[in-house]
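Listed below, chain by chain, are the residues.
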Amino acid sequence: MTATEVLVTRGARKGPRRSDTVRRKTPHKGAIAIFTGPFSVLFLLFYLIPIGYAVWQSLLVVERDGLYGEPTEVFGGLTQYLLVFQNAPFWESVGRVLLFGVVQVPIMLGLALLFALLLDSPVLKGKKFFRLAFFAPYAVPGVIAAIMWGFLYSPNLSPFTQVTQNVDFLSPQLVLWSIANVVTWVFVGYNMLIIYSALLAIPAEVYEAARLDGAGQVRIAWSIKIPMIAPALILTAVFSIIGTLQLLAEPQVFRSFSAAVSSTYTPNMTIYATSAIPNTHLAAAFSVVLALATFVLSFVFLKVTQRKAEQ
């Protein structure tokens, strides 16, 4: 028997070829449809259809027959998008939240990482108490948290009058960072739980091997824990980027406390104010542009982090 015949015989004994396996029908198709059906329906109703409707609304314009004629909606192409790119307050609000994110997101994730490492450390006592204490602010609704901090910042209402009368936290120079403090206070615990869950998934054998090599807790945290939970850190960073561009509740509440917060202070506030005029078609165009900007920033961040991880 030749070598070729031997290889063919061995291949036949190993079973069906890959192409034959691929051609086999997928079993339990009904079960797959049952489990994925509810998600697919909800995804279609509350995600794809609203996005499609917003895109369609952004392509319409309102025309009137004369000054007091009845308004009619007609297809306007990219007219609304031209108005978006000519709207200076909208792009100022985008730049404002980008500055907000560049400063606030690293601080928030740094604190979340620090707290998660402390909870995972064998040195810390009373872990259940601190885990609840760190997470408790997230249980407070964002509007309530903004109202509470707004009272603390107000010179005439705060119990810390000696501080607030000397430092105006609601001034145009500081109000953005006062809002950042509220967002950080609320979401540090949420991000901490994601990072802490990733730490709990690390096998204990890795720590034992590091301790046998003489590594201390700081060395283990820096060289083992942080690199192994990089996917969780990236996930929280992406969530934070999305949340930054969608900032609405906190600055909307702060309008009641500070004249420095205008109706176009953030992109979402601009959209809300535009739709209340009402100019729903321009608001829809704002929404589409903001959604695309959020997608691009998140995608670029993921690609950059992936390339650094591969290197």
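Higher on the page you've got the structure.
Just so it is clear, the model here is predicted, and its values are computed rather than measured.

Here we take up the overall build of the chain. Along its length, the chain carries 15 helices and 2 strands. Against the compact-globule benchmark of 19 Å for 311 residues, the chain has a radius of gyration of 27 Å, which places it well outside the compact range. Taking the principal axes of the C-alpha coordinates as reference, the chain spans close to 95 × 65 × 35 Å. Every one of the 311 residues in the chain was classed for burial, and the buried ones make up 32%. Partitioning the contacts of the chain with sequence separation of at least 6, the portion at a separation of at least 24 is 63%. When the accessible surface of the chain is totalled, it reaches about 19700 Å², and 67% of it is carbon and sulfur.

Another point: the side chain of Thr270. Within the fold, Thr270 resides in helix H14 (residues 267–275). Contacts of Thr270, omitting those with residues within four sequence positions, involve Phe90, Ser93, Ser263, Thr264 and Phe286.

Attention now moves to the nonpolar core. In terms of nonpolar packing, the biggest core is built from 23 residues, with Ala116, Met192, Ile195, Leu199 and Ile229 touching the most fellow members. Looking at this core, the elements that each hand over two or more residues are helix H5 (88–120), helix H9 (175–200), helix H10 (204–212) and helix H11 (217–228). Top contributing element to this core by residue count: H5, with 9 residues. Among residues more than four places away in sequence, those in contact with Ile195 are Ala112, Leu113, Ala116, Ile229, Leu233 and Thr236. By size, the runner-up hydrophobic cluster in this structure holds 19 residues, among which are Phe100, Val175, Phe254 and Met269.

Turning to its location among the elements, Lys225 is positioned in helix H11. Judged by relative accessible area, which is 4%, Lys225 ranks as buried. Only 2.9 Å separates the side chain of Lys225 from the side chain of Asp120, close enough to count as a polar contact. Other than its neighbours up to four places away in sequence, Lys225 contacts Leu117, Asp120, Ser121, Leu199, Ile202, Tyr207 and Ile220.

Of note, the bond from Ile277 into Pro278 is cis; its omega dihedral lies within 30 degrees of zero at 5°. For Pro278, the position within the fold is in the loop between H14 and helix H15 (280–310).

Another aspect to go through is the packing of aromatic side chains. Here the structure, examined in full by the defined rule, presents 19 aromatic pairs. Measuring from ring centre to ring centre gives 5.4 Å for Phe85 and Trp91, while their planes differ by 25°; the resulting arrangement is stacked. Given a relative accessible area of 55%, Phe85 falls into the exposed group. By relative accessible area, Trp91 is classed as partly exposed at 35%. With 5.5 Å between their ring centres and 50° between their planes, Phe135 and Tyr138 make a pair best called tilted. Taking the relative accessible area as the measure of exposure, Phe135 reaches 26% and is therefore partly exposed. Positioned above the aromatic ring of Tyr265, the side-chain terminus of Arg96 is 4.4 Å from the ring centre. Directly above the ring of Tyr207 sits Lys225, whose terminal nitrogen or CZ lies 5.3 Å from the centroid.

The tally for this structure, following the rule as stated, stands at 1 salt bridge. Note that Asp120 is salt-bridged to Lys225, the shortest N-O span being 2.9 Å. Residue Asp120 is found in helix H5, and its partner Lys225 is found in helix H11; the two are separated by 105 residues along the sequence. Each member of the pair, Asp120 as well as Lys225, carries the same accessibility label: buried.

On to the packing of H11 against helix H12 (residues 230–245), then. Taken N-terminus to C-terminus, the directions of H11 and H12 make an angle of 55°; their axes are 4 Å apart at the nearest point. Between H11 and H12, the angle falls in the class oblique. Along its contact with H11, which presents Ile226, Pro227 and Met228, the element H12 presents Ala230, Pro231 and Leu233. Within the contact of H11 with H12, the residues separate by chemical class into 6 nonpolar, no polar and no charged.

Turning our attention to the environment of Leu235. Here Leu235 lies in helix H12. Distance in space between the C-alpha atoms of Leu235 and Val206 is 23 Å, their sequence separation being 29 residues.

Scoring rules and cut-offs
Residues numbered from 1 in each chain as written. Predicted model: local features only at pLDDT ≥ 70, side-chain atom pairs only at ≥ 80, totals over all residues. Heavy atoms only, no water. Helix = DSSP H or I, 4+ residues; strand = E, 2+ residues; numbered from the N terminus. Rg over C-alpha atoms; globule rule 2.2 N^0.38 Å. Buried < 20%, exposed > 50% of the residue type's maximum accessible area, 1.4 Å probe, protein only. Contact = heavy atoms within 4.5 Å. Areas by Shrake-Rupley, 256 points an atom, 1.4 Å probe, with all protein chains shown as cover. Core = buried A, V, L, I, M, F, W, Y, C linked by side-chain atoms within 4.5 Å. Polar contact = N/O pair within 3.5 Å; in protein donor to acceptor, adjacent residues only side chain to side chain. Phe/Tyr/Trp six-rings, centres within 6.5 Å; stacked < 30°, edge-to-face > 60°. Lys NZ or Arg CZ within 6 Å of the ring centre and 35° of its normal. Salt bridge = Lys/Arg side-chain N within 4 Å of Asp/Glu carboxyl O. Axes fitted to C-alpha atoms, helices over the stretch in contact; angles between N-to-C directions. Parallel < 35°, antiparallel > 145°, perpendicular 65-115°, else oblique. Nonpolar A, V, L, I, M, F, W, Y, C, P; charged D, E, K, R; others polar.

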